[in-house]
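Read off the chains here:
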Amino acid sequence: MTGLDPALPPFRAPLAPPDEELAAGLLADAAHDDATERRIDARARTLVEAIRAKTGGLGGLGGIEDFLHAYSLSTKEGLTLMVLS
């Protein structure tokens, strides 16, 4: 590139830790006892089964299509959900 000031130090950005390290730390922070894990699993299963059983929706799209329509990537919520996924 032209026009760069040679007196400025080169740009250096620290690298993020490996994904495995980040995931291990997040999982350790989110650890739950077995009973809590079972309740979370049961709730998630109930929600997934309800979505799968649903008929109709937005022109009969159902499931993921309805979800993506409700939380499009043009919204903060949609972007947040995409990042989290």
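Just so it is clear, the model here is predicted, and its values are computed rather than measured.

Some remarks on the overall build of the protein
Along the protein, the regular secondary structure elements total four helices and zero strands. Counting helices and strands in the order they occur from the N terminus, the protein gives α-α-α-α. Each of the 85 residues in the protein was classed as buried or not, and the buried ones make up 5%. For the protein, the exposed surface amounts to about 7,900 Å²; the carbon and sulfur share of it is 64%.

What about a nonpolar patch on the surface?
Side chains of Ile-64, Phe-67, Leu-68, Tyr-71, Leu-81 and Leu-84 sit close together on the surface and give an oily, nonpolar patch of about 600 Å² of accessible area. Of all the secondary structure elements, the ones that give two or more residues to the nonpolar patch are α3 (63–70) and α4 (76–84). Residue contributions to the nonpolar patch peak at three residues, all from α3. Considering the arrangement of structural elements, one finds Leu-84 in helix α4. Owing to a relative accessible area of 68%, Leu-84 belongs among the exposed residues under this scheme.

As for helix α2 (residues 34–53)
Counted at 1.5 Å a residue, the expected span for α2 with its 20 residues is 28 Å, and the 28 Å between its end C-alpha atoms agrees. The N-terminus of α2 is capped by Asp-33, whose side-chain oxygen sits 3.3 Å from the backbone nitrogen of Ala-35.

What counts and what doesn't
Residues numbered from 1 in each chain as written. Predicted model: local features only at pLDDT ≥ 70, side-chain atom pairs only at ≥ 80, totals over all residues. Heavy atoms only, no water. Helix = DSSP H or I, 4+ residues; strand = E, 2+ residues; numbered from the N terminus. Buried < 20%, exposed > 50% of the residue type's maximum accessible area, 1.4 Å probe, protein only. Areas by Shrake-Rupley, 256 points an atom, 1.4 Å probe, with all protein chains shown as cover. Patch = residues over 30% accessible without salt bridge, like charges linked within 9 Å, V, L, I, M, F, W, Y side chains within 5 Å. Salt bridge = Lys/Arg side-chain N within 4 Å of Asp/Glu carboxyl O. Expected span 1.5 Å × (residues − 1). Polar contact = N/O pair within 3.5 Å; in protein donor to acceptor, adjacent residues only side chain to side chain.

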